Amino acid sequence: MLSERRLEVLRAIVQDYVGTEEPVGSKALTERHRLGVSPATVRNDMAALEDEGFIAQPHTSAGRIPTDKGYRLFVDKLAGVKPMSSPERRAIQNFLDGAVDLDDVVGRTVRLLAQLTRQVAVVQYPSLTRSTVRHVELLPLAPARVMLVLITDTGRVEQRMVDCPTPVTEDSLADLRARLNSRVVGRRFADVPQLVQDLPESFEQEDRGTVSTVLATLLETLVEETEERLMIGGTANLTRFVHDFPLTIRPVLEALEEQVVLLKLLGEAKDSGMTVRIGHENVHEGLTATSVVAVGYGSGDEAVAKLGVVGPTRMDYPGTMGAVRAVARYVGQILAES
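Going by what an unreviewed UniProt entry lists, the protein is known as Heat-inducible transcription repressor HrcA and is assigned to Streptomyces iranensis. What the UniProt record of the protein gives under Sequence similarities (unreviewed entry) is the line "Belongs to the HrcA family." Note on the protein: under the UniProt heading Function (unreviewed entry), the record states "Negative regulator of class I heat shock genes (grpE-dnaK-dnaJ and groELS operons). Prevents heat-shock induction of these operons."

Caption draft 1: Spatial organisation of the sheet that holds strand 4 (residues 133-142). The sheet built from 3 strands is open, its strands ordered 4-5-6 with antiparallel pairing. On the outer flanks of this sheet lie strand 4 and strand 6 (157-163), each paired with one strand and no other. This sheet shows a mean twist of 20 degrees between the axes of neighbouring strands, independent of strand direction. When strand 4 meets strand 5 (residues 145-152), the two strands line up antiparallel, connected through 8 bridges. Residue pairing in the sheet places Val133 in a bridge with Thr152 of strand 5.

Caption draft 2: Molecular detail of the pattern of salt bridges. What the rule picks out here adds up to 17 salt bridges. Linking Glu21 and Arg314 is a salt bridge whose minimum nitrogen-to-oxygen distance equals 3.8 Å. Taken together, the residues span a long stretch of sequence, with Glu21 in the loop between helix 1 (4-20) and helix 2 (26-32) and Arg314 in the loop between strand 10 (305-312) and helix 12 (317-337) at a distance of 293 residues. The class of Arg314 is buried, set by a relative accessible area of 7%. A salt bridge links Asp175 to Arg179, with the nearest nitrogen and oxygen atoms 2.9 Å apart. Within this pair, Asp175 and its partner Arg179 are both found in helix 7 (residues 170-184), separated by 4 residues, close to a single helical turn. On the basis of relative accessible area, Arg179 is assigned to the partly exposed category, the value being 27%. Sharing partners across several salt bridges, the network here consists of Arg5, Arg6 and Asp45.

Caption draft 3: Structural view of a positive patch on the surface. Residues Arg89, Arg90, Arg325 and Arg329 make up a contiguous surface patch of positive charge. Put simply, the parts of the chain that give the positive patch at least two residues each are helix 5 (86-97) and helix 12. Within the secondary structure, Arg325 sits in helix 12. With a relative accessible area of 35%, Arg325 lands in the partly exposed category.

Caption draft 4: Fine view of unusual backbone geometry. Phi is positive for Glu21, which is not a glycine, with a value near 65 degrees. A residue is classified by how much of its surface remains accessible, and Glu21, at 38% relative accessible area, is partly exposed. Despite not being glycine, Arg118 has its phi angle at roughly 55 degrees, a positive value. As for its placement among the helices and strands, Arg118 is situated in the loop between helix 6 (102-117) and strand 3 (120-124). For Arg118, a relative accessible area of 47% gives the class partly exposed.

Caption draft 5: Representation of the confidence of the model for the protein within the structure. Averaged over all residues, the pLDDT of the protein is 87; the fraction at 70 or higher stands at 95%. Per-element confidence in the protein is highest for helix 7, whose mean pLDDT is 94, and lowest for helix 11 (residues 259-266), whose mean pLDDT is 82.

Parameters and conventions
As a convention, each chain's residues are numbered from 1 in the sequence order in which they are written. Confidence filtering applies because this is a predicted model: local features only for residues at pLDDT of at least 70, side-chain atom pairs given and counted only at 80 or more, and all residues used for totals across whole chains, interfaces and linings. In computing side-chain properties, one takes all heavy atoms of the structure into account and sets aside hydrogens as well as water. UniProt positions are given in the numbering used here, feature names are shortened, and annotations may be inferred rather than shown by experiment. The pairing criterion is simple: DSSP has to find at least two bridges between the two strands. Secondary structure elements follow DSSP: runs of H or I no shorter than four residues count as helices, runs of E no shorter than two count as strands, and numbering proceeds from the N terminus. Where helices are involved, their axes are fitted lines through C-alpha atoms of the stretch in contact, as for all axes, and angles between N-to-C directions lie from 0 to 180°. What makes a salt bridge here is a side-chain nitrogen of Lys or Arg within 4 Å of a carboxyl oxygen of Asp or Glu, nothing more. Each residue's exposure class comes from its accessible area (1.4 Å probe, protein chains only) as a fraction of the maximum for that residue type: buried when under 20%, exposed when over 50%, partly exposed otherwise. The patches described consist of residues with a relative accessible area above 30% and no salt bridge, like charges being joined within 9 Å and nonpolar side chains (Val, Leu, Ile, Met, Phe, Trp, Tyr) within 5 Å. Each accessible area is a Shrake-Rupley estimate made with a 1.4 Å probe; only the visible protein chains count as cover when residues are assessed. Neither His nor the chain termini are counted; the positive set is Lys and Arg, and the negative set is Asp and Glu. The atom standing in for a charge is NZ when the residue is Lys, CZ when it is Arg, CG when it is Asp and CD when it is Glu. The predictor reports its confidence for every residue as pLDDT, a score running from 0 up to 100.

So this is what it looks like as structure tokens:
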């Protein structure tokens, strides 16, 4: 275990390096921070921190920089989450309140996160596997053609055309709509197939073909839409940190183009707490010089998706964690009210 003083020295090194981008020396530390000890004592503390792998000497300069291990200790033990100011919170709320639908909510969230943190923002669409059905609408388009509209509790809307085997009257369509909604509204997507499997048998023989066709389209929609979707923004922010990536920025950009990599980075939506993965904790080799801060968001107590940011390990962790948490909270409120 490190002594309190050495933890303070590590905190000061992280803060200075994040703020100045320059390796930090003992003289600068004693001048900038009230450590209450001489530069010689700070030098000894820095030597001990270096021996234990918390800081390193990047080249022949006198200064030191935090390692992944040093940042990890900083995040776990030393960094609080920096709360947003009242004007910042109002700005977030005003910006997100203008959203007209789910795509707009996700798009605005990405832009907002990228602006607030000046990192790359990644937002996962609410997962249908964790969503519930708010309503199923059936609209007549032609005598034997119907539009099926599926609306989820998170405001996601999916539309499909259904070609029925025989013409459908408005009365029979209204009957099917009412019976279908009575079974599926408020229920999880995963439960829907079982809830509707015997529905055709409750209709007259001549209507069963149409009922089965509509249900088949509904179930196909549920299966198709379990594919996860993401939106990413602020990639250009990485160009501000070119010197933070050891060789080139290209592996980072290539990794960010792969949806599977991004979904793994964000982690399981059911783990709704704040996660911070630093440097080599990211298994994808293109991202070992980056850190990821992610958190779940949802319309109730349960997270339906994740959002977060990707940036260099030399990151303002308290500020980034505060911004990510605040945005997630507001997005959750919007989904709950939608």
